[in-house]
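What follows is the residue order along each chain.
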Amino acid sequence: MQQELFQPYRRLIEIQIEDQSHRVPDNNMVLRCFQYICLEDISCGRFCWNQECKTCMIGYELKSGEKKNTLSCQTMVSEGMKITKISKELRWALRSILPAAAENLS
Ligand code: FES
């Protein structure tokens, strides 16, 4: 059943969430990758998955140096992506891997 949540992927790629490295499936949106890491808590989170709630905001930096704030449900993951800012709701859903406080976007 877990496989059905994810778009078909060829391999796991490495991203950073704050200062932690994680391996997640390529060809998937970032929010889906968070779900890959914390399946139950993201699944139970209050996320619309379709650009309406805006609770899935992240800030990220790419290898190229490009920085952006965006919706993680609408952003394709890419190798080496560094996620530097995380909304309050996402932080709560990722609480099993992230420290409680820090910068948020909500
Ligand atoms: S999950 Fe609602 S806007 Fe991304």
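Residues numbered from 1 in each chain as written. Predicted model: local features only at pLDDT ≥ 70, side-chain atom pairs only at ≥ 80, totals over all residues. Heavy atoms only, no water.

**Q** Mind showing me how you'd approach the pairing of strand β2 (residues 20-25) here?
**A** Walk down a regular strand and you will see the side chains alternate between the two sheet faces. The sheet contact formed by strand β1 (residues 12-17) and β2 spans six bridges and is antiparallel. Its bridge partner lying in β2, leucine 12 is registered against proline 25. The loop that links β1 with its antiparallel partner β2 comprises two residues; one of these, glutamate 18, has a positive phi angle of about 55°. (Pairing = 2+ DSSP bridges. Helix = DSSP H or I, 4+ residues; strand = E, 2+ residues; numbered from the N terminus.)

**Q** I tried to follow the side chain of histidine 22 on my own but got confused; where do I start?
**A** Relative to the elements of secondary structure, histidine 22 occurs in strand β2. Given the relative accessible area of 13%, histidine 22 is considered buried. Engagement of the side chain of histidine 22 in a polar contact is seen with the side chain of glutamine 20, the distance being 2.9 Å. Filtering out sequence-adjacent residues up to four positions away, histidine 22 remains in contact with Ile13, Glu14, Ile15, Ile17, Ile37 and Ile97. (Buried < 20%, exposed > 50% of the residue type's maximum accessible area, 1.4 Å probe, protein only. Polar contact = N/O pair within 3.5 Å; in protein donor to acceptor, adjacent residues only side chain to side chain. Contact = heavy atoms within 4.5 Å.)

The analysis is restricted to geometry; functional conclusions fall outside its scope.
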